[in-house]
Amino acid sequence: MNIQVKWFYRLGFFLLLFIVLFVFYLLRPIWMPILHVFMTALSPFLFGAFISYLLHPLVGYIEEKGMNRGLAIGLLYLFVFGLAGFGLYKGVPILVEQLNDIAVRAPEMAELYRTYIMKFHTHTRGWPFGLHDRLESIINTMELKIGESVNVLAEALSGLSDVLILIILIPVISFYLLKDSESLIEKGLLLIPERKREQTRRFLTDVDRSLGGYIRGQLLVCFIVGASASILFYIVGMNYPLLLGFIVGVTNIIPYFGPFIGAVPTILVALTISGGMAVKVACIIIVLQFLEGNVISPIVMGKTLRLHPLIIIFVLLVGGKAAGVLGLILAVPVLALVKVMLAHRKLLMK
């Protein structure tokens, strides 16, 4: 009888929870504007926290060499944000110009793509099991998505002035977070029962070692690949080298699938020049991915995750199916976090 009552209470709890969530969903016209304002105000703090998290190991390393923490942060700021500011000052106008040029040439490119599609249509007419129609549908969808992505990116880069105040706030917030990070962590640990503090500290250390190492390493690898791609595209005479190198670098953050996603728009643009240029670009991407997988990543990242590639591919497929590109980007960091949580499951279960 007690067991039945327990299950009855559990069922009632979940039913009540469902009703509350459903009512909350119906009231979204009321709380969505408030959430939007809150997230707008919170966004510089989130970006500032992310930047401070990335720079924290460097600040700690410089501080260990005997330099005052505030001075170490100041010198690091001069280098990192000075370099980033110079890159934005020189790079954003070029990116906007190249995006506008693509937008102007879009009808010409679309006509050329249609010529290739018509040839593809003719050569694959006899393919069995509807493969021809399926591939044609994929190509049409890709053409549409690429056009939408170009417009969205152009608008985002052109509207950077609208968020200039937030961009200025981010370095200020990250400075204070870096300066007071140790005291903030200790104050946060005071909220946890004393018997669990040491275990929690070890848990956070393992999360930083696994997740933080992966994020920092992956961003550095993406920068190296993107910069190398831009330089090589410029050397071979490819149009829009900075923009296409940027795309190759950003998509490289997705393990295994990212290089293919970044290669598609690059090769499509190369085809508007010549078939030979498309071959050169494809060779550059293949060589870069070979070096990234066998030289750059092993040196930069080592064995950060220590997970079998098949597990990572499976998680990427699940993430991509669940949340699209965002799921592909977040899949491996979430996997790293889950791995650490499983290793500390005794702490979490107590």
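Since we're looking at a predicted model, the values are computed, not measured.

Enquirer: It is not clear to me how the overall build of the protein should be interpreted in this structure. Could you clarify?
Expert: Within the protein one finds twelve helices and zero strands. By the burial criterion, 29% of the 350 residues in the protein qualify as buried. Expressed as a percentage of contacts within the protein between residues at least 6 apart in sequence, the contacts between residues at least 24 apart total 69%. Surface summary for the protein: the accessible area is close to 23100 Å², and the carbon and sulfur share equals 74%.

Enquirer: Can you help me understand helix H7 (residues 194-235) in this one?
Expert: Taking 1.5 Å of rise per residue, 42 residues should cover 62 Å, and H7 covers 60 Å from first to last C-alpha, within 8% of that figure. Along its length, H7 shows its largest kink, about 30 degrees, at Gly212. In the stretch just after H7, Gly237 is the one whose phi turns positive, near 85 degrees.

Enquirer: Would you mind showing me how to read the confidence of the model for the protein here?
Expert: Residues shown with low pLDDT carry predicted positions that ought not to be read at fine detail. Of all residues in the protein, 77% attain a pLDDT of 70 or more, and the chain-wide mean is 77. For the protein, helix H12 (residues 345-349) is the element with the lowest average pLDDT, namely 57, and helix H8 (residues 241-251) is the one with the highest, namely 88.

Enquirer: Is there a simple way to explain unusual backbone geometry in this structure?
Expert: Among all residues save glycine, negative phi is the norm, and among peptide bonds the norm is trans. Positioned with a positive phi, Tyr240 is a non-glycine residue whose angle comes to about 55 degrees. Relative to the elements of secondary structure, Tyr240 occurs in the loop between H7 and H8.

Enquirer: Honestly, the environment of Ile254 in this entry has me stumped. Any pointers?
Expert: Inspection of the secondary structure puts Ile254 in the loop between H8 and helix H9 (258-271). For Ile254 and Val325, which are 71 residues apart along the polypeptide, the C-alpha to C-alpha distance reads 8.7 Å. For Ile254, the contacting residues outside a window of four places in its chain are Pro259, Ile261, Leu316, Val325, Leu328 and Ile329.

Enquirer: Before we go on, may I ask you to explain the layout of surface pockets in this structure?
Expert: To locate leftover empty space, one rolls a probe as large as a water molecule over the atoms. Taken as a whole, the second largest pocket encloses approximately 710 Å³ of empty space. Surrounding the second largest pocket, 22 residues form its lining, Tyr53, His56, Ile185, Leu204 and Asp208 being those nearest its centre. At the level of secondary structure, the elements contributing two or more residues to the lining of the second largest pocket comprise helix H2 (28-64), helix H5 (164-179), helix H6 (181-189) and H7. Residues that form the lining of the second largest pocket fall into these classes: ten nonpolar, five polar and seven charged.

Enquirer: Is there a simple way to explain the nonpolar core in this structure?
Expert: The nonpolar side chains of soluble globular proteins are, as a tendency, buried together. Within the largest apolar cluster, 22 residues are counted, with the highest numbers of intra-cluster contacts made by Phe233, Met238, Tyr240, Leu243, Leu244, Ala270 and Val281. The set of elements that each furnish at least two residues to this core consists of helix H3 (69-123), H7, H8, H9 and helix H10 (275-301). Among the elements that take part in this core, H10 stands out by supplying seven residues, more than any other. When near neighbours in sequence (up to four residues on either side) are disregarded, Ala270 contacts Met238, Met277, Ala278 and Val281. Core analysis: the second largest hydrophobic core is formed by 15 residues, Leu211, Val315, Leu316 and Ala336 among them.

Enquirer: Please explain the environment of Tyr77 as it appears in this structure.
Expert: Along the chain, Tyr77 falls in helix H3. Looking at Tyr77, the relative accessible area reads 13%, which means it is buried. Distance in space between the C-alpha atoms of Tyr77 and Leu55 is 9.4 Å, their sequence separation being 22 residues.

Enquirer: Where do I start with the side chain of Thr266 in this structure?
Expert: The topology assignment puts Thr266 in helix H9. Classification of Thr266 by relative accessible area gives buried; the value is 0%. Among residues more than four places away in sequence, those in contact with Thr266 are Phe233, Met238, Leu244, Val248, Val281 and Ile285.

Enquirer: Even after reading the chapter, I still don't get the packing of aromatic side chains, so can you show me in this structure?
Expert: Working definition: an aromatic ring pair is given by the centre-to-centre distance plus the angle between the planes. The final tally for this structure, using the stated rule, is four aromatic pairs. Aromatic side chains Phe18 and Phe22 sit 6.4 Å apart centroid to centroid with 15 degrees between the ring planes, which places their arrangement in the stacked category. One end of the pair is Phe18 and the other is Phe22, both in helix H1 (residues 2-26) and four residues apart, which spans about a single turn. For Phe18, a relative accessible area of 54% translates into the label exposed. For Phe22, a relative accessible area of 45% puts it in the partly exposed group. Summarising the aromatic geometry, the rings of Phe24 and Trp31 are spaced 4.6 Å apart at their centres and angled 5 degrees between planes, so their arrangement reads as stacked. Exposure remark for Phe24: the relative accessible area of 44% places this residue in the partly exposed category. Trp31 gets classed as partly exposed once you look at its relative accessible area, which sits at 23%.

Enquirer: Mind showing me how you'd approach a nonpolar patch on the surface here?
Expert: A contiguous nonpolar patch, built from Leu15, Phe18, Ile19, Phe22, Val23, Tyr25, Leu26, Leu27 and Ile30 and spanning about 910 Å² of accessible area, is present on the exposed surface. The element that contributes the greatest number of residues to the nonpolar patch is H1, accounting for seven residues. Following the sequence through the fold, Leu26 ends up in helix H1.

Enquirer: Sorry, what's going on with the packing of H2 against H7 here?
Expert: How two helices pack is summed up by the angle between their axes together with the distance between the axes. Their axes nearest at 10 Å, the elements H2 and H7 cross at an angle of 100 degrees. As summarised for this structure, H2 and H7 are arranged roughly perpendicular, according to the angle between their axes. Facing H2, whose interface residues are Phe50, Tyr53, Leu54 and Pro57, H7 presents Val207, Asp208, Leu211, Gly212, Ile215, Arg216 and Leu219. Its residues placed into classes, the contact of H2 with H7 shows eight nonpolar, one polar and two charged.

Quick notes on the rules
Residues numbered from 1 in each chain as written. Predicted model: local features only at pLDDT ≥ 70, side-chain atom pairs only at ≥ 80, totals over all residues. Heavy atoms only, no water. Helix = DSSP H or I, 4+ residues; strand = E, 2+ residues; numbered from the N terminus. Buried < 20%, exposed > 50% of the residue type's maximum accessible area, 1.4 Å probe, protein only. Contact = heavy atoms within 4.5 Å. Areas by Shrake-Rupley, 256 points an atom, 1.4 Å probe, with all protein chains shown as cover. Expected span 1.5 Å × (residues − 1). Bend = angle between axes of the 7 residues up to and from the residue. pLDDT = per-residue confidence, 0-100. 1 Å grid on protein atoms, 1.4 Å probe; cavity = no way out; pocket = protein on both sides within 12 Å on 5 of 7 lines; lining within 4 Å. Points joined across faces, edges and corners; volume = space filled by probe spheres on them. Nonpolar A, V, L, I, M, F, W, Y, C, P; charged D, E, K, R; others polar. Core = buried A, V, L, I, M, F, W, Y, C linked by side-chain atoms within 4.5 Å. Phe/Tyr/Trp six-rings, centres within 6.5 Å; stacked < 30°, edge-to-face > 60°. Patch = residues over 30% accessible without salt bridge, like charges linked within 9 Å, V, L, I, M, F, W, Y side chains within 5 Å. Salt bridge = Lys/Arg side-chain N within 4 Å of Asp/Glu carboxyl O. Axes fitted to C-alpha atoms, helices over the stretch in contact; angles between N-to-C directions. Parallel < 35°, antiparallel > 145°, perpendicular 65-115°, else oblique.

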